[in-house]
Amino acid sequence: MAGVGFRRWAQALSKGKGSGISALLSGSRAASGSSKDTVLGPPPKSPEEMAAAAKKYNLRLEDYAPYPDKGEGFGDYPKLPDRSQAERDPWYKWDHPDLRRNWGEPMHWDFDMYIRNRVDTSPSPVPWSTMCKQLFGFIGFMLFMFYLGETFRSYQPVAPKQYPYKNLYLEKGGDPEKQPEEVKNYEI
Amino acid sequence: MGAHLVRRYITETDTEPDPAKKYEFDPEFGFPERKEREMVASQMQMNLAQLPLEQRDYCAQHLLKLMKCKRDNWPNFLACKHERHDWDYCEHQDYVMRMKEYERERRLQLRKKRIEAQAEAA
């Protein structure tokens, strides 16, 4: 009697759509994660494979280009231009305004790097060479002027200040046993 | 203002005194007799007042008087004008003496150069 109840309980557990160990036992899967037809495939070689891969990633055949096969593991994932999301039109009504992306649009391999909070590939307002020349020109000029200032120091035309008690020998921590050299200060 | 820098670096580079180097002429040279500077405040007095080293100069006695006056008259911060003036005047005299020393060194250098030039010409 107890054994029957135990067997029924075990069967109910294995058939149920619970999470954790019961999910492993029952064989049913969650709906998250990639399905069999969207998972990454091997690098495409023939035109049919290229067409199939383009369709899978929601791209036109003209726009689809896989990564060169160097054994790095990119598979048939498309090589999209390395432009960050910050370069996209800020005024267009994107489905995800923060990410500037529409639903179903193919994501760049480094999409998480190219979000607006991170790497930005927008062009600089002034040519890069101009910016470099201005910055390093300024820094170089300042360093040169500081060097000149050190070589040709500016000072007041006065003699050094005179201090009493042999130039404050004891006050500056001199040895009381030793006799320091004689210092005479005169009026002028 | 700055003429000494022009002299030092451009026109008279060999005679203008260098502030970093020690002055080479004998202090008594050119004077019949020279009075030594008098230090009024003792080392113990300056120690008790805990004066910083830069202020332990030949005007320290005025500074000690000023400090005592300020301490006695607090909170009246306008009280010690006379003592402050004495200290300032002493420091001013000290600075003027420094300027005179510099000028003396400069003139002695020029004189030395003139004598050498004459010796060479002769």
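Residues numbered from 1 in each chain as written. Chains lettered and ligands numbered in written order. Predicted model: local features only at pLDDT ≥ 70, side-chain atom pairs only at ≥ 80, totals over all residues. Heavy atoms only, no water.

A word on the state of the cysteines
In a disulfide, the sulfur atoms of two cysteines are covalently bonded to one another.
Residue and element names in this part refer to chain B.
(1) Moving on: Under the criterion given, the structure shown has 2 disulfides over all chains.
(2) Moving on: With its sulfur 2.1 Å from that of its partner, Cys-59 forms a disulfide with Cys-90. Judged by the sign of its S-S torsion, about -85 degrees, the cystine formed by Cys-59 and Cys-90 is left-handed. With Cys-59 in the loop between helix H2 (43-48) and helix H3 (60-73) and Cys-90 in helix H4 (residues 81-121), this residue pair connects regions lying 31 residues apart in the sequence.
(3) Moving on: Taking relative accessible area as the criterion, Cys-59 reaches 1% and is therefore assigned buried.
(4) Moving on: Here Cys-69 pairs with Cys-80 through a disulfide, and the sulfurs are 2.1 Å apart. Of note, the bridge from Cys-69 to Cys-80 carries an S-S torsion of about -100 degrees and is left-handed in sense. Here the residue Cys-69 occupies a position in helix H3, and Cys-80 occupies one in the loop between H3 and H4, the gap between them amounting to 11 residues. Here Cys-69 and Cys-80 have matching classes, each one buried.
(5) Moving on: In chain B, the bonded cysteines, taken in the order they occur along the sequence, pair up as 1-4, 2-3. (Disulfide = S-S within 2.5 Å. Helix = DSSP H or I, 4+ residues; strand = E, 2+ residues; numbered from the N terminus. Buried < 20%, exposed > 50% of the residue type's maximum accessible area, 1.4 Å probe, protein only.)

Observations regarding the interface of chain B and chain A
Often, the extent of an interface is quoted as the loss of accessible area on bringing the components together.
(1) Moving on: Tallying the contact residues gives 34 residues for chain B and 24 residues for chain A.
(2) Moving on: Between chain B and chain A lies a buried interface of about 3000 Å² when both sides are counted; carbon and sulfur atoms form 58% of it.
(3) Moving on: Applying the counting rule to chain B against chain A returns 5 salt bridges.
(4) Moving on: Of the charged contacts in the structure, one is a salt bridge between B:Asp94 and A:Lys161, with a shortest N-O distance of 3.3 Å.
(5) Moving on: At the surface where chain B touches chain A, the tally comes to 17 residue pairs in polar contact (both at pLDDT 80 or more).
(6) Moving on: Only helix H1 (3-11), H2 and H4 of chain B provide two or more residues apiece to the side of chain B that touches chain A.
(7) Moving on: Ranked by residues supplied to the side of chain B that touches chain A, first place goes to H4(B) with 10 residues.
(8) Moving on: Considering only residue class, the side of chain B that touches chain A consists of 16 nonpolar, 3 polar and 15 charged. (Contact = heavy atoms within 4.5 Å. Buried area = accessible area lost by both parts, 1.4 Å probe. Salt bridge = Lys/Arg side-chain N within 4 Å of Asp/Glu carboxyl O. Polar contact = N/O pair within 3.5 Å; in protein donor to acceptor, adjacent residues only side chain to side chain. Nonpolar A, V, L, I, M, F, W, Y, C, P; charged D, E, K, R; others polar.)

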